[in-house]
Amino acid sequence: MTDLPQLLSERLARAFADVAGEPADPAVRRSDRADYQADGALSLAKKLRRPPREVAAEVLERADLDDLVANAEVAGPGFLNLTLSDTALSTLVGEMAADERLAVAQASAPERVLVDYSGPNVAKEMHVGHLRSSIIGDALVRVLEHLGHDVVRQNHIGDWGTPFGMLIEHMIDLGAGETAHELSVGDLGAFYQDARKAFDSDEGFAERARRRVVLLQSGDPETLALWRLLVDESARYFETVYERLGVRLRPEDLAGESTYNDQLAPVIDELVELGLATESEGALCAFPKGFTGRDGGPLPLILRKSDGGFGYDTTDLAALRYRVGDLKARRLVYITDLGQRLHFEMVFEVGREAGWLGPRAHAEFQGFGVVLGTDRRRLRTRAGDSIKLIDLLDEAVRRAALIVAEKASHLSAEEQADVAAAVGIGALKYADLSNDRIKDYVFDWDRMLSFDGNTAPYLQYAHARIQSVFRRGAVDRASLKGAAVRLTDPAEHALALRLGEFEGILHKAAGVVEMHRICGYLYDLATAFTAFYERCPVLRADDDATRSSRLALCDVTARVLATGLSMLGIAAPTRM
Ligand code: ARG
């Protein structure tokens, strides 16, 4: 294990427990007075009704920290200030250098984690919300897999429901060839809107559409074949978007709403049997405990509409039951816009009441905020339309190419194109991931593509700059695996501290689904590296031992940056 704050925390926890007579949180965090501070004595003192400084001193006396800490003292009202020893930090960097995985420990209790993300709708434009869900879900999946969890990805696309009557009729009018064309170039907005227009203005069309829904639901083979065409074309389009984005959703991860058609009736039967279904105004509903509307009345999930149809609620209940019962997921993470929070919390509550969720499985809703334009309104095109995802990606790469042409003119045209793609798409994803997930964020091209600040280009550039040190020095990186690390300068100490936080950050981010913690961490690391690089000569170090120690620091930093970026689904070019 190389998670420094965690190591400190565990050692201190034992001492705290001794003093408290029961487990007590040492509350370790970064500090500007020392490397870390532990604030736990303050709350413990309150509980024990003793002076906090006295409690802190007693904890310190009992704590076994000698091999980790060079200096520990009681400070202020009763903090413990802790400065790590250079020897402990050297050992840690050495361990990271020697290990393929940078000595990042796998999860101590790996589990099957199901992640429901992306979820675009067939024959409808993928919007910025689907972009966020795809990017966040992809990063989460990468981190979970890196930590040894068994991850099941589920792309719950909207591929069923009453709109398919009009969509299929519109496809018939348009012809299969033209439909395929519109869908494959991602002209989904037009396709959907034209169908809607015909439905609203042409009574004959509307009648055909209604009949088509009935045919679809009764399983008419010809109608099903037409529906399949529509779904397949859309799925192909989604794939091109994922590919451009570097989102690793595969066709086999598709499990759209229609997947559950056969399970809807059995699920409803089960809920009826459990006494969880109630007839209400002609519809069959579930009223999960603890959910009330503005009027104080209970809020329903609709199991079966009064016309006999099933909708989004029923499908998600069936999906939940299937995911726990058949797919054996132990942790289920749902990533959609925050607007769907109530829906999922109600679904989960019914799941608990039905016994699907509980000790054997738990579900989490991890919602996200809205993407705003620089005018602080929902992101739209100038004409006020919603933005086409593929246009957004094109623009990211186009803008990045201009910057790369200027900053990296020494690269060949081909290299420049690769770097532009990495920087453009990376900037777009990083801008999303680096913001607190639940907050709205402002989509700002200039900021996300800046080479300064907490951005992808800044980190990518920091990484490429370290690579150029190796090139200039003709350094064989493999030889650095066994290098003896000796820290002498405070800037080396500060850099090593950050390296020792990598493992903990990944575990934390996976647990709370907060990718911005990884971003903030990588930014701090790159900043610590810059300070180190400005103060400490590497290739021209005074002696060979210092040179190879500093090269090892460079190597580990570069690998942490590259691995961290790859966890976010972002490429780290070696030249920029
Ligand atoms: N298709 C939905 C939408 O566009 C997202 C699906 C989310 N996942 C789920 N299990 N309901 O909003």
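The structure under discussion appears in the preceding block.
Cut-offs used in this document
- Along each chain, the written sequence defines residue order, and numbers are assigned to residues from 1.
- Residue-level local features of this predicted model are given only where pLDDT is at least 70; pairs of side-chain atoms are given and counted only at 80 or more, and the full residue set underlies all totals for whole chains, interfaces and linings.
- With hydrogens and water set aside, each side-chain value is computed from the structure's full complement of heavy atoms.
- Each salt bridge in this description consists of a side-chain nitrogen of Lys or Arg and a carboxyl oxygen of Asp or Glu lying within 4 Å of one another.
- Only DSSP runs of H or I reaching four residues or more are called helices, and only runs of E reaching two or more are called strands; each is numbered from the N terminus.
- Only protein chains enter the accessibility calculation, which uses a 1.4 Å probe; a residue whose area is less than 20% of its type maximum is buried, one above 50% is exposed, and one in between is partly exposed.
- Buried Ala, Val, Leu, Ile, Met, Phe, Trp, Tyr and Cys residues form a nonpolar core when they are joined through side-chain atoms within 4.5 Å.
- Contacts are assigned to residue pairs with any non-hydrogen atoms lying within 4.5 Å of each other.
- Put simply, a residue is near a molecule or strand once any heavy atom of it comes within 4 Å of that molecule or strand.
- Whenever two N or O atoms come within 3.5 Å, that pair is a polar contact, provided that in protein one can donate a hydrogen and the other can accept it, and provided that, for residues adjacent in sequence, both atoms are side-chain atoms.
- A pocket here means an open set of points on a 1 Å grid, computed over the protein atoms alone, that has protein on both sides within 12 Å along at least five of seven lines. A cavity is instead a set of points where a 1.4 Å probe fits but cannot get out; residues with an atom within 4 Å of a point line either one.
- Criterion for pocket placement: a molecule counts as inside a cavity or pocket if more than half of its atoms are within 2 Å of its grid points.

Explain the pattern of salt bridges to me, please; I cannot follow it from the model alone.
When the charged atoms of two side chains with opposite charge come close together, those side chains can pair. Overall, the coordinates contain 42 salt bridges when judged by the stated rule. For Arg112, the salt bridge goes to Asp150, with nearest N and O atoms at 2.8 Å. With Arg112 in strand S5 (residues 112-116) and Asp150 in strand S6 (residues 150-154), the pair connects residues that are 38 residues apart, well separated along the chain. For the salt bridge of Glu364 with Arg331, the shortest nitrogen-to-oxygen distance reads 2.7 Å. Of this pair, Glu364 sits in strand S11 (residues 362-365) while Arg331 sits in strand S10 (residues 331-334), placing them 33 residues apart in sequence. Neither residue differs from the other here; Glu364 and Arg331 are each classed as buried.

I would appreciate a short explanation of the nonpolar core in the present structure.
Inside soluble globular proteins, nonpolar side chains tend to come together where they are buried. Ranked by internal contacts, the top residues of the largest apolar core, which has 156 residues, are Leu230 and Val560. Here this core takes 10 residues from helix H21 (residues 544-567), the largest share from any one element. What Leu230 contacts, discounting residues up to four positions off in sequence, is Val122, Ala123, Phe164, Leu167, Ile168, Met171, Thr179, Leu183 and Phe191. Within the second largest apolar cluster, 33 residues are counted, among which are Ala286, Val350, Ala354 and Leu357.

Help me out: how do you make sense of the site of the ligand in this one?
Close to the ligand lie Asp116, Gly119, Asn121, His130, His156, Tyr312, Asp316, Tyr334, Thr336, Gln340 and Phe344, which account for all nearby residues. Between a nitrogen atom of the ligand and a side-chain N or O atom of Asn121, the distance comes to 2.8 Å. At 2.8 Å from an oxygen atom of the ligand is found a side-chain nitrogen or oxygen belonging to His130. In this structure, the ligand is accommodated by the largest pocket.

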